[in-house]
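So you can see what is in the structure, the chains are spelled out below.
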Amino acid sequence: MKRKTIPFLALAIGLASSACTNMSPLFGGSTTALAPSAPAPAAAPAPPPILPFDDAVLAAANDVFARAGVPAGTERVALVIDPLVDGMAGEQTAATRAMGERIAELARSRYPHFEILPFDSASLRRAPWVLVGTFTPVSAEGRTEGSRAAYRICLALADLGSGRIVSKGLARSQLEGVDGTPLPSFRDSPAWVRDPRVEAYIRTCQGTKAGDPIQPAYLDGILTASLISQAVEAYNAGRYREALERYEAAEATPAGRQLRVLNGLYLANTRLGHAEAAGRAFGRLVDFGLEQQRLAVKFLFRPGSTGFVAERRLSGAYPMWLAEIARGAAAREACLEVAGHASRSGPEPLNERLSLLRAEAVRGLLVANDARLTTRTIAAGYGSREAMVGTGRDDASDVMDRRVEFRVVNCAPA
């Protein structure tokens, strides 16, 4: 089967810069008149220093608040914080939660002209300012591939009344001592999909400058985002019935068909023992991923093995997951590349070999579910080349680096 690999997600990091090309004039006649030499291109600004985590958070937060231009003594500005996320996967982690709490504390103590409000529909009716932020592991050159050397913090203040970015704050944090473990609702989520709504949140921070419009897909879905935030908080606290109600309310909105909602419906129904509803939710999640051409699933394997972990609490749902993926692919008559990935720990040749063997094992289970996929699937191993976290910790913080992806590819001519 001739394949075309779907490009890996590349989220824009930092502010874009433009290059100008200086054209030398063409001379005719006299050779004595010379054009002035073109000025040397301006050097790229030096990246911010790498600071301890708390210092970096405060530097970025002070930057974004100080640049906001709210004179002291003026009427208080309503401000909500849309929970910060990892800049690659869009997940909330222990680190991003700590950042949000520290930023809110700073605003209350040092910037009293901001009135911190809950992120809910009542607050949004006041057309407040909203703070968004990302926390992204990057290399020394600021890239999201290769060996990671720091976390890059991006904060943005946006005015929902005007629909524009007010100010930005940037900093870099040390990797040491930072807890990048996803919060329970993200840790437990079975799948990851490239989601336009989450990407719009990330671009609102990483792809803008002061004065730019807020990303439309983020602005249009902010009410849904507030419901999701409440659902995530309820799930993390073990209030699963409340979480299910909030996820269902989010799904009923125009922006409700998105990754966080579908994962949440699956998780809450699973926790409440609603097996059929959980299965239907996972099926919708599969369909959503295949529509986006790429579905990543968090299968957990035994170390150095192609076998799944034996603990039923972790792997008991895998047969249902595989059956739904096979059903979705067969129903769409799709061809899939089953792509294995590995974290950055260990020798890369071994990572590539193990990721391929795991992809082949998963492909075999798909074919066992539906024989039509025999000629419609191939396996590939990418090792750690497409790591999303890339810290090489090999724990719950970089489980996304050990994912198995199902990528829709072109089918070979019959």
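Quick look at the structure, then.

Cut-offs used in this document
Residues numbered from 1 in each chain as written. Predicted model: local features only at pLDDT ≥ 70, side-chain atom pairs only at ≥ 80, totals over all residues. Heavy atoms only, no water. Core = buried A, V, L, I, M, F, W, Y, C linked by side-chain atoms within 4.5 Å. Buried < 20%, exposed > 50% of the residue type's maximum accessible area, 1.4 Å probe, protein only. Contact = heavy atoms within 4.5 Å. Helix = DSSP H or I, 4+ residues; strand = E, 2+ residues; numbered from the N terminus. Polar contact = N/O pair within 3.5 Å; in protein donor to acceptor, adjacent residues only side chain to side chain. Phe/Tyr/Trp six-rings, centres within 6.5 Å; stacked < 30°, edge-to-face > 60°. Pairing = 2+ DSSP bridges. Axes fitted to C-alpha atoms, helices over the stretch in contact; angles between N-to-C directions. Disulfide = S-S within 2.5 Å. Parallel < 35°, antiparallel > 145°, perpendicular 65-115°, else oblique. Left-handed = near helix turned anticlockwise from the far one by under 90°. Nonpolar A, V, L, I, M, F, W, Y, C, P; charged D, E, K, R; others polar.

### Section: the nonpolar core
In this structure, Leu295, Phe299, Ile325, Val362, Leu366 and Phe406 are the most contacted members of the largest nonpolar core, which totals 54 residues. Setting aside residues up to four positions removed in sequence, leucine 366 forms contacts with Leu322, Ile325, Ala326, Leu336, Val338, Leu373 and Phe406. In terms of nonpolar packing, the next biggest core, distinct from the first, is built from 34 residues, Val64, Trp129, Leu157 and Val178 among them.

### Considering the environment of arginine 110
Tracing the backbone shows arginine 110 in helix 2 (residues 94–110). Residue class for arginine 110 comes out exposed when judged on its relative accessible area of 53%. Along the primary structure arginine 110 and phenylalanine 65 are separated by 45 residues, whereas in three dimensions their C-alpha atoms are 9.6 Å apart. One polar contact links arginine 110 to asparagine 62, side chain to side chain, over a distance of 3.3 Å.

### Considering the packing of aromatic side chains
How two aromatic rings sit relative to each other is set out by the distance from centre to centre and by the angle between their planes. For the coordinates displayed, the defined rule picks out 16 aromatic pairs. Seen from their ring centres, phenylalanine 114 and tryptophan 129 are 5.8 Å apart, and the 55 degrees between their planes marks the pair as tilted. Taken together, the positions of phenylalanine 114 in strand 4 (residues 114–116) and tryptophan 129 in strand 5 (residues 129–138) put the pair 15 residues apart, joining distant regions of the chain. Both rings, one in tyrosine 318 and one in tryptophan 321, keep their centres 4.9 Å apart while their planes meet at 40 degrees; by these two values the pair is tilted. Here the residue tyrosine 318 and the residue tryptophan 321 both occupy positions in helix 12 (residues 318–332), the gap between them amounting to 3 residues, near one helical turn. Assigned by exposure class, tyrosine 318 and tryptophan 321 land together as buried. By way of ring pairs, the aromatic residues Tyr266, Phe282, Phe299, Phe301, Phe308, Tyr318 and Trp321 are connected into one cluster.

### Overview of the sheet that holds strand 11 (residues 377–381)
Strands in a sheet are paired, the pairing made by backbone hydrogen bonds, and the direction either parallel or antiparallel. Spatially, the 5 strands line up as an open sheet ordered 8-9-12-10-11, and their pairing is mixed. The open sheet has two free edges, formed respectively by strand 8 (191–193) and strand 11, since each of these has just one partner strand. Taking the axes of each pair of neighbouring strands and ignoring which way they run, one obtains an average angle of 25 degrees across the sheet. Alignment of strand 10 (residues 335–340) against strand 12 (residues 404–409), held across 6 bridges, turns out to be antiparallel. Looking at the pairing, cysteine 335 lines up with valine 409 of strand 12.

### Looking at the environment of serine 185
Looking at the secondary structure, you find serine 185 in helix 4 (residues 184–187). Along the chain, serine 185 and leucine 267 lie 82 residues apart, while their C-alpha atoms are 7.7 Å from each other. In this structure, serine 185 is in contact with Val232, Tyr235, Asn236, Tyr247 and Leu267, ignoring residues within four places of it in sequence.

### Some details on the state of the cysteines
Disulfide: a covalent bond formed between the sulfur atoms of two cysteine residues. Per the counting criterion, the structure on display carries 2 disulfides. Here cysteine 154 connects covalently by a disulfide to cysteine 205, the sulfurs 2.4 Å from one another. Between cysteine 154 and cysteine 205 the disulfide shows an S-S torsion of about -120 degrees. By sign, it is left-handed. Here cysteine 205 lies in helix 5 (residues 196–206) and cysteine 154 lies in strand 6 (residues 150–159), a separation of 51 residues in the sequence. Owing to a relative accessible area of 0%, cysteine 205 belongs among the buried residues under this scheme. The side chain of cysteine 335 participates in a disulfide bridge whose partner is cysteine 411; the two sulfur atoms lie 1.9 Å from each other. The sign of the 115 degrees torsion about the S-S bond sets the cysteine 335-cysteine 411 disulfide as right-handed. Highlighted residues: cysteine 335 in strand 10 and cysteine 411 in the segment after strand 12, separated in sequence by 76 residues. Within the protein, bonded cysteines paired by disulfides and numbered along the sequence follow the pattern 1-2, 3-4.

### Describing the side chain of asparagine 269
Relative to the helices and strands, asparagine 269 is located in helix 9 (residues 259–271). Its relative accessible area of 7% is what places asparagine 269 among the buried residues. Ignoring anything within four residues of it in the chain, the contact list for asparagine 269 reads Leu244, His274, Ala277 and Ala278.

### Remarks on the packing of helix 7 (residues 222–236) against helix 9
For the pair helix 7 and helix 9, the least separation of the axes is 11 Å and the interaxial angle reads 30 degrees. With respect to helix 9, the element helix 7 is oriented roughly parallel. Judged by the twist between their axes, the crossing of helix 7 over helix 9 is left-handed. Taken together, the residues of helix 9 that come into contact with helix 7 (itself represented by Ala225, Ile228 and Tyr235) are Arg260, Val261, Leu267, Ala268 and Arg271. When the residues that make up the contact of helix 7 with helix 9 are grouped by side-chain class, the tally is 6 nonpolar, no polar and 2 charged.

### Section: the side chain of lysine 298
By the secondary structure assignment, lysine 298 is in the loop between strand 9 (294–297) and helix 11 (312–315). With a relative accessible area of 7%, lysine 298 lands in the buried category. At 3.3 Å, the side chain of lysine 298 and the backbone oxygen of serine 189 are in polar contact.

### A closer look at unusual backbone geometry
Of note in the backbone geometry, alanine 127 takes a positive phi value of approximately 50 degrees without being a glycine. Tracing the sequence through the fold places alanine 127 in the loop between helix 3 (121–124) and strand 5. By relative accessible area, alanine 127 is classed as partly exposed at 37%. For glutamine 293, which is not glycine, the phi torsion reads 75 degrees and is therefore positive. Its place among the elements puts glutamine 293 in the loop between helix 10 (275–291) and strand 9.

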